[in-house]
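Spelled out from the first residue to the last, the chains are:
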Amino acid sequence: MSEHIPNMDYDADEVINDFKSKFKWPKKDEVDVVVKPDKLWLRLLISALLTVVSGGVVYYMLLPALNFKDPNIYFFVFILMALFMLFFALVCKANKKIERREYVKKSSRVPIIIAAVLLVVMGIGWLCGATLFRASSYSKLMPVSTSEFSADFENISIENVPRVDESRALTLADQQLGTLSEYKSQYVVSNTTTMINYKNRPVRVAYLEYADVFKWFNNTKEGVPAYMIIDLVTQKVTVVNCVEQFGSAIQYSPTELFNEKLIRHIRFQYPTELLDTPNFEIDDSGYPFWITPVLDKTIGLFGGTDVKGAIITDALTGESVYYGIEQIRSDESLQWIDVVYSANLLVQQYDYYGKLQNGFWNSIIFQNDVSQASRGSGYIAMDDDVWVYTGVTSSETDASNFGFILANQRTKETRYYESGGAIETAAMESAQDAVQNYQYAATFPILLDIEGQPTYFMSLYGSSNTVKGYALVNLADKTIVGTGIVDEMKSDANALNAAVENYIQALKDKNIIGSDVDVNDYLVEEGSEADDSSAAQPAGDDAQQEQPAPQEPQTGSSVTGSVTDIITSVNNGNTYYYLQINGVYYYISVSECMDVLLVENGSTVTVTPSGEASGSFCPVSDVTIN
């Protein structure tokens, strides 16, 4: 029996140490001789091939520009050298054969020297572009001209001023998507939008994204079918089906994976260019494009970021064309492009202008004539372009502005207006204090001209993230405030008019303007939003079809007919359906009639008009499916 019992007489520590020695990296004092591996050329070739394959994967993920002005290309080269030495050590079995370890170590001196040289080049390049040495060059990145406030702002009507900001526009788009059963389970609204001047109206355009990776697998072959236009004045949301309008879905977008991912698709077409974040835009016909600014480092190796052109990519086909910045500024066929310079870049360049005009040390110590952009920025649609607005304040205090700037996002034209007063955040607080019993929040203000008075305009929002009112605050005297509340005035237009009336009356009470000023010059017409509901509709084939002659509806009398078109929009948080019958669009909110959700093209319905028609649009109180 004892013959079958294994011998247990051994030292456990000895076994463990023996096992560890098989895998440990040899120590330097254990090496007696440095042995050159046999077939070295083959080992180098194998290491190079493995590095090329691995480096290709790294490049596919990082997408650095093949440009010495891109810091990422240096990082990419460091990764390649590290990969090569790792593979070379493994192929030479340096971790197992003591005599080869020192050979691999000595061979690594070459890539280490190359890496050190690259680091020195990067350091010198950075120093050559440091603001400490190149303050004058930085201050000249943005040419700024002084302009006259009343002359530039006289044509900006309060009726066409954006009433919702980006976050609220996204809320409206999300609400609209929730009513579309064919999209809502597969797609979500992108969390970034682009403000553009579309058909002389300020709108934001948002593309759809796949809800998750599984939805991508399920839908990527067809692509993203639609995008959204959010009218910032009427707060209506229009869903544009690209397949119906243009014959194809959006095939290239940031939400795609692999080769159809937008930035990778553009990088393979333009491997040497420094690419900024692409912006989603549409031309005057509603056709979708991606506008990718192409950057240049104009000071030293990495400093003085500026735009030298833009790549226009067809969102449906992926075809791209590069245009230089001067052509974008001057070519009338490209004037539909609105965003080439990002707001962050424009504000950064103005800060260089304001801080460094008198040298670097002056901006730190003496601070003579030093100015900077105030916190936050807004957008104004003017001259068929989009302009970034921000106040200008001193570096010592941010309690007040002594001027403000407008910077064109297509041309970089920048105008300075000398007009001191309350900083934007102070104006927002003043507006919120005026309606503190409602606890509404104010948006970042937009500047208007009312009787020659620079005036902050803000929308007021409740906890539901929808517009609850409007406020006007005087730039020079933030105690002059006019507000209007939607719930009190029973309509959006009435609330806006109430804010205008209260503000102008406050100006009169302080004798800032004459008592003969006619407030009616600034009031908006009730129902004007319905008249503009088709402004955001792209000019597709369906829009060009001849429609039946409209029949004049009669209030209270029912109209029966076949539905030939259905449009949905979100207005003040409510979803409206527009049913075209005999050439007239009859509209009603879902909250008033749930049955409207069941109406399809071709359905026969009976509608009951509840008011007078305005053009081709008529409100109804009921919809019945026959």
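Now for a description of the structure that goes with this document. Computed from a prediction, not measured in an experiment: that's the story for all the values here.

Let us now look at the overall build of the protein. Looking only at helices and strands, one finds 20 helices and 29 strands in the protein. Out of the 626 residues in the protein, the part that is buried amounts to 51%. Contacts in the protein between residues at least 24 apart in sequence constitute 58% of all its contacts with a sequence separation of at least 6. Total accessible area on the protein is roughly 29,800 Å²; 53% of this is exposed by carbon and sulfur atoms.

So, on to a nonpolar patch on the surface. Side chains of Trp126, Leu127, Leu132, Phe133, Trp361, Ile364, Ile365 and Phe366 sit close together on the surface and give an oily, nonpolar patch of about 930 Å² of accessible area. For the nonpolar patch, the elements supplying multiple residues, two or more each, are α5 (109–128), α6 (131–139) and α15 (360–366). No other element matches α15, which puts four residues into the nonpolar patch. For Leu127, the position within the fold is in helix α5. Looking at Leu127, the relative accessible area reads 42%, which means it is partly exposed.

Now for the pairing of strand β21 (residues 453–461). Of all nine residues in β21, nine are buried; the element is thus mostly enclosed. Taking every second residue as pointing to the same face, both faces of β21 are buried, with Gln453, Thr455, Phe457, Ser459 and Tyr461 on one and Pro454, Tyr456, Met458 and Leu460 on the other. Between strand β20 (residues 446–450) and β21, which pair antiparallel one after the other, the connecting turn spans two residues, and Glu451 there sits at a positive phi close to 55 degrees. Judged from the seven bridges that link them, β21 and strand β22 (residues 467–474) form a sheet pairing that is antiparallel. Within β22, the position partnered with Ser459 by the bridge is Tyr470. Taking the residues between adjacent antiparallel strands as the criterion, β21 and β22 are bridged by five residues, where Asn465 takes a positive phi near 65 degrees.

Residues separated by three or four positions in an α-helix point in the same direction, a consequence of the helix having 3.6 residues per turn. Along its 18 residues, helix α18 (residues 492–509) runs 26 Å from first to last C-alpha, staying within 8% of the 26 Å computed at 1.5 Å per residue. Most of α18 sits out of view: 13 of its 18 residues are buried. Asn511 sits one or two positions beyond α18 and adopts a positive phi of about 60 degrees.

One side chain can pair with another of opposite charge once the charged atoms of both are near each other. Under the defined criterion, the tally for this structure stands at 14 salt bridges. The closest approach of N and O atoms between Asp492 and Arg163, which form a salt bridge, is 2.6 Å. Linking Asp492 in helix α18 with Arg163 in the loop between α7 (149–153) and α8 (166–178), this pair joins segments that are 329 residues apart in sequence. On the accessibility criterion, Asp492 (5% relative accessible area) is buried. The residue Asp212 makes a salt bridge to Lys215 at a minimum N-O spacing of 3.2 Å. The exposure class assigned to Lys215 is partly exposed, which follows from its relative accessible area of 22%. If you follow the salt bridges from partner to partner, you end up with Asp152, Asp383, Glu413 and Arg415 in one network.

Summed over the entire model, instances satisfying the criterion amount to 28 aromatic pairs. Grouping aromatic residues by their ring pairs yields a cluster made of Phe149, Phe153, Tyr389, Phe404, Tyr417 and Phe444. Looking at Arg204, its charged tip hangs above the ring of Tyr379, at a distance of 5.5 Å from the centre. Directly above the aromatic system of Tyr60 lies the positively charged group of Arg264, at a separation of 4.0 Å from the ring centroid.

What follows covers α5. Here α5 is 20 residues long and its end C-alpha atoms lie 29 Å apart, about the 28 Å a rise of 1.5 Å per residue gives. Among the residues of α5, those classed as buried are Pro111, Ala115, Leu118, Met122 and Gly125. Looking straight down α5, one finds that the buried residues subtend no more than 90 degrees of arc, so they occupy a single side. In α5, the exposed positions angled more than 90 degrees off the buried face are occupied by Arg109, Val110, Ile112 and Ile113.

The next thing to look at is a negative patch on the surface. On the surface, a cluster of negative charge is made up of Glu451, Asp516, Asp518 and Asp521. Relative to the helices and strands, Asp516 is located in the loop between α18 and α19 (528–531). Classification of Asp516 as exposed rests on a relative accessible area of 68%.

This part covers the layout of surface pockets. Gaps left between atoms are located by rolling a probe of water-molecule size over the structure's atoms. Its boundaries defined by the atoms lining it, the second largest pocket holds a volume of some 950 Å³. Lining the second largest pocket are 40 residues, and of these Glu166, Thr193, Thr194, Arg204 and Tyr379 sit closest to its centre.

With respect to the helices and strands, the residue Thr425 is situated in helix α16 (residues 424–434). For Thr425, a relative accessible area of 28% puts it in the partly exposed group. Sequence-wise, Thr425 and Phe444 are 19 residues apart; in three dimensions their C-alpha atoms are separated by 7.7 Å.

Criteria and thresholds
Residues numbered from 1 in each chain as written. Predicted model: local features only at pLDDT ≥ 70, side-chain atom pairs only at ≥ 80, totals over all residues. Heavy atoms only, no water. Helix = DSSP H or I, 4+ residues; strand = E, 2+ residues; numbered from the N terminus. Buried < 20%, exposed > 50% of the residue type's maximum accessible area, 1.4 Å probe, protein only. Contact = heavy atoms within 4.5 Å. Areas by Shrake-Rupley, 256 points an atom, 1.4 Å probe, with all protein chains shown as cover. Patch = residues over 30% accessible without salt bridge, like charges linked within 9 Å, V, L, I, M, F, W, Y side chains within 5 Å. Salt bridge = Lys/Arg side-chain N within 4 Å of Asp/Glu carboxyl O. Pairing = 2+ DSSP bridges. Expected span 1.5 Å × (residues − 1). Phe/Tyr/Trp six-rings, centres within 6.5 Å; stacked < 30°, edge-to-face > 60°. Lys NZ or Arg CZ within 6 Å of the ring centre and 35° of its normal. Arc of directions from axis to C-beta. Lys, Arg positive; Asp, Glu negative; His and termini not counted. Charge placed at Lys NZ, Arg CZ, Asp CG, Glu CD. 1 Å grid on protein atoms, 1.4 Å probe; cavity = no way out; pocket = protein on both sides within 12 Å on 5 of 7 lines; lining within 4 Å. Points joined across faces, edges and corners; volume = space filled by probe spheres on them.

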